[in-house]
Amino acid sequence: MNTKVIISKDFKVGEVDKNLFSSFVEHLGRAVYTGVYEPGHPQADEQGFRKDVIDMVKDLKVSLVRYPGGNFLSGYNWKDGIGPKENRPRRLDRAWHTIESNQVGIDEFYDWTVKSGTEIMGAVNMGTGTVQDAGDLVEYCNFDRDTYWSDLRRKNGHDKPFAIKTWCIGNEMDGPWQICHLTADDYGKKAREAIKLMKWTDESIKTVVCGSASTSMPTYPEWDRIVLEHTYDLADYISIHRYFENFGDDDEFLASFYDMDQFIKTSVATCDYVKALKRSNKVMNLSFDEWNIWYQQKMQPHPWMEAPRILEDHYSLLDALAFGGMAITLLNHADRVKVACLAQLVNVIAPIFTEPGKGAYKQSIYFPFKDISLFGRGTALQPVVTTGKKIIEKYGEVPSVIFASVLSEDESEVTVFALNTDKNDSSITKIDLSGVGKTQMFFRTELCGDDLSATNSLENPRAVEPKTADLVQGDGSIYEVELKKASWNVLRFKIA
């Protein structure tokens, strides 16, 4: 198969927001307990946080971590998680049918984000929670002067505010699985009043209203339109969520990026419709604050217990390739997708996996996420691609090879991310960088292998990882590269 891609500084998608490289930690399964927090572990620090996990999160350069949920959020009272730990109540978490000990709350999680080099993307309960609860939480976290809630934060050990600047107004409120699920009209009204109170408390914050939880929702995209009609002038983003899994057709699975691309385009169109309806000059951007591979068909019932082993997917090389296609799609929509949260970060459908009392390792999806986080910051350029096509019954005609390209912030480098979804044929690819300037390839890795089912484990943590590939000299403008069958590729070029 032959492929050609033209990349030019003149073909700009938009600036890549640093928050595109964010993630998510929910009080779910072992994400918190024995994930980020395990007192008594050999790697635990003085607060009980696992230092091996902290090091991996730092390595990923995660910008924001959405917290504390997720479905958990809609039944959670944030006040249960503050104050002396011995006085905190044990509660039923009805969202996931577990017991919540409340030994980690907003104070502890803030400390963890400081240690991990990241920041919190806060979330307020729009299920059982009230608008007043939302305002009180922002006051507790962000207000600096002497008030009841800011003084209580000081009493609990944090003199300075947390300065949490991005807030989700509930979670997936379009879903009937959500505690106190609302109609779009009712949610839009409640979200509008919550944002008013929150921004009256701290006018510097940005807020994310709930959009559709999936393209399969019967209310999609009408839900988004109705919610935005209530909140367009006050909200800063609308969220969308999408997960993919392999139902047995590898080609369809590897083409998941196409579904994600269409979802983003429809959501943008809905935002722009409401912009026109409102006669507004404001552009509403997207927060894709849940995205990943998730094998929901494998979910098993479990009894009431603390930190059960649920949603612990073990990712293969094939999963990492499909994940890479999603990552490329996010970069190619950097003009409108300004926040994106890989869901989740530790143990629960996550790039980092731990064992209680033992070690931690990197799952296969860790690597493409790290690649885009390290090398995907700057200006996204729109690749012009000529390549082979595959006919996917679910999607129609889909390109076999896809690309994203990013010009670094100081314009000294350009990085090309490439995914060859063809399981049988390599792609002889001509990369034309004449529109960027005189260049020289200095870095190239590929993630591929003969066994697409290979996974990492504590015993074999390097079964799936990128390998350094041969550099191609080219003529300073055009490079001919072989992209191996079923491969994720990163190619970096210095600009003279």
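Worth saying up front: this structure is predicted, and the values here are computed from it rather than measured.

Looking at the overall build of the protein chain
Helices and strands together make up the secondary structure of the protein chain, namely 10 helices and 25 strands. Seen along its three principal axes, the alpha-carbon backbone of the protein chain occupies a region of about 65 × 60 × 45 Å. Going through the 496 residues of the protein chain one by one, you find that 61% of them count as buried. Considering only contacts within the protein chain whose residues lie at least 6 apart along the sequence, 78% involve residues at least 24 apart. Here the protein chain has roughly 19,100 Å² of accessible surface; of this, 49% comes from carbon and sulfur atoms. Considering the protein chain, the positive charge centre built from 57 side chains and the negative charge centre built from 72 side chains are found 3 Å apart.

Considerations on helix α9 (residues 317-331)
With 15 residues, α9 extends 21 Å from end C-alpha to end C-alpha; this agrees with the ideal 21 Å at 1.5 Å per step. The element α9 is largely enclosed, with a buried count of 15 among its 15 residues.

Side note on the nonpolar core
By size, the foremost hydrophobic cluster in this structure holds 139 residues, and its most contacted members are Tyr 187, Phe 288, Trp 291, Leu 345 and Phe 417. For this core, the element with the highest residue contribution is α9, accounting for 11 residues. With residues near it in sequence (within four places) discarded, Leu 345 still touches Ser 23, Phe 24, Val 25, Val 57, Leu 60, Val 62, Val 65, Trp 112, Ala 350, Pro 351 and Ile 352. The next biggest cluster of nonpolar side chains, apart from the first, holds 20 residues, and it includes Leu 381, Leu 407, Leu 433 and Val 481.

Comments concerning the sheet that holds strand β9 (residues 206-209)
With respect to topology, 8 strands assemble into a closed barrel ordered β3-β4-β7-β8-β9-β10-β11-β12, the strand pairing being parallel. Between one strand axis and the next, the sheet turns by 30° as a mean value, whatever way the strands run. Of the pairings in the sheet, the one linking strand β8 (residues 166-169) to β9 comprises 4 bridges and is parallel in character. Note that in β9 the partner of Cys 168 across the bridge is Val 208.

Re the environment of Phe 24
For Phe 24, the position within the fold is in strand β3 (residues 22-24). Judged by its relative accessible area of 0%, Phe 24 falls in the buried class. Measuring from C-alpha to C-alpha, the distance between Phe 24 and Asp 289 comes to 7.9 Å, with 265 residues separating the pair along the chain. If we ignore the near neighbours within four places in the chain, the residues touching Phe 24 are Val 65, Arg 66, Gly 69, Gly 70, Glu 290, Cys 341, Leu 342, Ala 343, Gln 344 and Leu 345.

Brief notes about the packing of aromatic side chains
In this description, a pair of aromatic rings is defined by centroid distance and the angle of the planes. The final tally for this structure, using the stated rule, is 21 aromatic pairs. By the ring-pair criterion, three or more aromatic residues cluster together here, those being Trp 78, Tyr 110, Tyr 140, Tyr 148, Trp 149 and Phe 162. Cation over ring: Arg 66 sits above Phe 24, and NZ or CZ is 4.6 Å from the ring centre. Its end group placed over the ring of Tyr 232, Lys 282 keeps NZ or CZ at 5.8 Å from the ring centre.

Remarks on the pattern of salt bridges
This model, assessed by the stated rule, comprises 37 salt bridges. With a shortest N-O distance of 3.1 Å, Lys 370 and Asp 59 are connected by a salt bridge. With a gap of 311 residues between them, Lys 370 in helix α10 (residues 366-375) and Asp 59 in helix α1 (residues 51-60) connect regions that are remote in the sequence. Overall, Lys 370 belongs to the partly exposed group, its relative accessible area being 22%. For Arg 309, the salt bridge goes to Glu 355, with nearest N and O atoms at 2.6 Å. Remark: Glu 355 occurs in the loop between β13 (352-354) and β14 (360-362) and Arg 309 occurs in the loop between β11 (285-293) and α9; sequence separation between them is 46 residues. On the basis of relative accessible area, Arg 309 is assigned to the partly exposed category, the value being 46%.

Some words on the packing of helix α3 (residues 131-142) against helix α4 (residues 148-155)
Where α3 contacts α4, the axes come no closer than 7 Å and their chain directions differ by 50°. Overall, the two elements α3 and α4 adopt an arrangement that is oblique. Where α3 crosses over α4, the handedness of that crossing is right-handed. Within the contact between the two elements, α3 uses Asp 136, Glu 139, Tyr 140, Cys 141 and Asn 142 and α4 uses Tyr 148, Trp 149, Ser 150, Leu 152 and Arg 153.

Let's talk about the environment of Glu 86
Inspection of the secondary structure puts Glu 86 in the loop between β4 (64-66) and β5 (91-93). Separated by 349 residues in sequence, Glu 86 and Gly 435 have C-alpha atoms that sit 63 Å apart.

Cut-offs and rules
- Residues numbered from 1 in each chain as written.
- Predicted model: local features only at pLDDT ≥ 70, side-chain atom pairs only at ≥ 80, totals over all residues.
- Heavy atoms only, no water.
- Helix = DSSP H or I, 4+ residues; strand = E, 2+ residues; numbered from the N terminus.
- Buried < 20%, exposed > 50% of the residue type's maximum accessible area, 1.4 Å probe, protein only.
- Contact = heavy atoms within 4.5 Å.
- Areas by Shrake-Rupley, 256 points an atom, 1.4 Å probe, with all protein chains shown as cover.
- Lys, Arg positive; Asp, Glu negative; His and termini not counted.
- Charge placed at Lys NZ, Arg CZ, Asp CG, Glu CD.
- Expected span 1.5 Å × (residues − 1).
- Core = buried A, V, L, I, M, F, W, Y, C linked by side-chain atoms within 4.5 Å.
- Pairing = 2+ DSSP bridges.
- Axes fitted to C-alpha atoms, helices over the stretch in contact; angles between N-to-C directions.
- Phe/Tyr/Trp six-rings, centres within 6.5 Å; stacked < 30°, edge-to-face > 60°.
- Lys NZ or Arg CZ within 6 Å of the ring centre and 35° of its normal.
- Salt bridge = Lys/Arg side-chain N within 4 Å of Asp/Glu carboxyl O.
- Parallel < 35°, antiparallel > 145°, perpendicular 65-115°, else oblique.
- Left-handed = near helix turned anticlockwise from the far one by under 90°.

None of the figures reported here should be taken as evidence of function without further support.
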